[in-house]
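# Architecture at a glance
One-letter residues, chain by chain:
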Amino acid sequence: PTGFQVRLRFNLPGDKETIECSAEVVWSRDYDSKTCRKPGMGLRFLDLSPEQVTKIDSFVQRKIYTQDLDIQEV
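### Brief notes about the pattern of salt bridges
- Tallied over the entire structure, the rule returns five salt bridges.
- Where E17 meets K55, a salt bridge forms, and the shortest distance between an N and an O atom there is 2.5 Å. With E17 in the loop between β1 (5-11) and β2 (18-29) and K55 in helix α1 (residues 50-66), this residue pair connects regions lying 38 residues apart in the sequence.
- Looking at E17, the relative accessible area reads 33%, which means it is partly exposed.
- Its salt-bridge partner being R44, residue E24 comes within 3.7 Å of it at the nearest N-O pair. Separated by 20 residues along the polypeptide, E24 in strand β2 and R44 in strand β3 (residues 40-45) bring together distant segments of the chain.
- Looking at R44, the relative accessible area reads 38%, which means it is partly exposed.
- Residues participating in the shared-partner salt-bridge network are D15, E17 and K55.

Rules behind the numbers
- Residues numbered from 1 in each chain as written.
- Predicted model: local features only at pLDDT ≥ 70, side-chain atom pairs only at ≥ 80, totals over all residues.
- Heavy atoms only, no water.
- Salt bridge = Lys/Arg side-chain N within 4 Å of Asp/Glu carboxyl O.
- Helix = DSSP H or I, 4+ residues; strand = E, 2+ residues; numbered from the N terminus.
- Buried < 20%, exposed > 50% of the residue type's maximum accessible area, 1.4 Å probe, protein only.

Next comes the structure, spelled out in structure tokens:
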């Protein structure tokens with residue numbers, strides 16, 4: 001649900017550094033059988049270091065320019 005906080009641990013593709021942080025759910029959607037819309041959620045990272053922010057930003061920018069992504073800003 002919106003507002004729920006989680007603790008994450010992940011690696012960006014091609015990067016050996018594990019990123020650990022807290023995040024908050026800012027939107028979520030269920031599967032919609034009428035439109036076949038996929039379920040999903042958006043997370044807001046809460047406690048990233050400046051270096052982690054730069055790494056994630058660079059990764060997202062590369063993905064935006066190489067793929068058609070459904071990105072939502074909140």
